[in-house]
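Summary of the model geometry
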Amino acid sequence: EPEVTQTPSHQVTQMGQEVILRCVPISNHLYFYWYRQILGQKVEFLVSFYNNEISEKSEIFDDQFSVERPDGSNFTLKIRSTKLEDSAMYFCASSASGEKLFFGSGTQLSVL
Amino acid sequence: GNSVTQMEGPVTLSEEAFLTINCTYTATGYPSLFWYVQYPGEGLQLLLKATKADDKGSNKGFEATYRKETTSFHLEKGSVQVSDSAVYFCAHTTGTSYGKLTFGQGTILTVHP
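Notes on the structure follow. Not measured: the values here are computed from a predicted model.

1. Observations concerning the state of the cysteines
Residue and element names in this part refer to chain A. This model, assessed by the stated rule, comprises two disulfides over all chains. Here Cys23 pairs with Cys92 through a disulfide, and the sulfurs are 2.0 Å apart. Across the disulfide from Cys23 to Cys92, rotation about the S-S bond amounts to roughly -65°, and the bridge is consequently left-handed. Taken together, the positions of Cys23 in strand E3 (residues 19-24) and Cys92 in strand E9 (residues 88-95) put the pair 69 residues apart, joining distant regions of the chain. The exposure class of Cys23 is buried, given its relative accessible area of 1%.

Here is the structure:
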C-alpha cells in the first residue's frame, strides 16, 4: 500500500539554526499538508499546498516557515531560524482530492 | 470558533469490552467529522467519517454518528481487540477543502488480553 514517507524520524538542532523536514507524498496525490503536534497538545494545521502554491496557512505559519516542492516528488518544510517552541512532532500529509488525507509517521524536531 | 474536545484518556479495557470515546465539537457552518487512528510508529490513518447530520460512519467494527443537536461524534465499538490499541483522534473540517483539519487532543486506548 502506498504511504507518505518522512525523513528524518528525529531531528535535533540548535536554536537559531535552519532545518528542513522532508516528505515524499504518495505519487499521484495533488494536495499536500504540514501539521505539527507539540508534546501534550493537539495536532495543529500549519499549511496546505496545491498546484505549486500555498492554498491556506494558519497563524502559526509565519515568515520563519516555508514550504517547497522542489522536484515533483519531495515536499519540504523549512524553518529558517528555529526557536525552542518549534520543538514538536511534524506530520506531512497528502491527498488525491483534498478529501482523504494520508499522513506520514512524523519527524520529531528537538530544538536545544 | 472551531474546536474539538475529546474525553480525557488514557482508556484501558479488556479484550471484548465495549468502547466509547466521546467527542464534541464547535464549528461555524456545516462541518464534516472524522476519526483518525494512530498505531504505534505509524502516521495518522482515517478510520471513518461523516459529512452531514445523522450520517453514520463505520469501519473495522467502529461506528460514530454525526449528532448535530448535541454537536457530538462519539466513537463506539462493541468488542475491542488487543490490535485496537492506538491513539484515536476526533477531527472536523469546515473549509471547502477537507484538508484543513481541527483535531481533538487524542485518546490513548490500551486493550489487554
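Additional details are given in the paragraphs that follow.
2. As for the pairing of strand E5 (residues 43-50) of chain A
All names here are of chain A. Buried residues dominate E5, accounting for six of its eight residues. Across seven bridges, the pairing between strand E4 (residues 31-37) and E5 is antiparallel. For Trp34, the partnering residue across the bridge sits in E5 and is Val47. Turn length for the E4-E5 hairpin, with the two strands adjacent in sequence and antiparallel, is five residues, and the turn residue Gly40 shows positive phi of about 85°. Taken together, the four bridges between E5 and strand E6 (residues 53-57) define a ladder with antiparallel strand orientation. Bridging from a neighbouring strand, Ser48 pairs with Glu56 of E6. Once E5 ends, the chain turns through two residues before running back antiparallel as E6, passing Asn51 with a positive phi of about 55°.

What counts and how
Residues numbered from 1 in each chain as written. Chains lettered and ligands numbered in written order. Predicted model: local features only at pLDDT ≥ 70, side-chain atom pairs only at ≥ 80, totals over all residues. Heavy atoms only, no water. Disulfide = S-S within 2.5 Å. Helix = DSSP H or I, 4+ residues; strand = E, 2+ residues; numbered from the N terminus. Buried < 20%, exposed > 50% of the residue type's maximum accessible area, 1.4 Å probe, protein only. Pairing = 2+ DSSP bridges.

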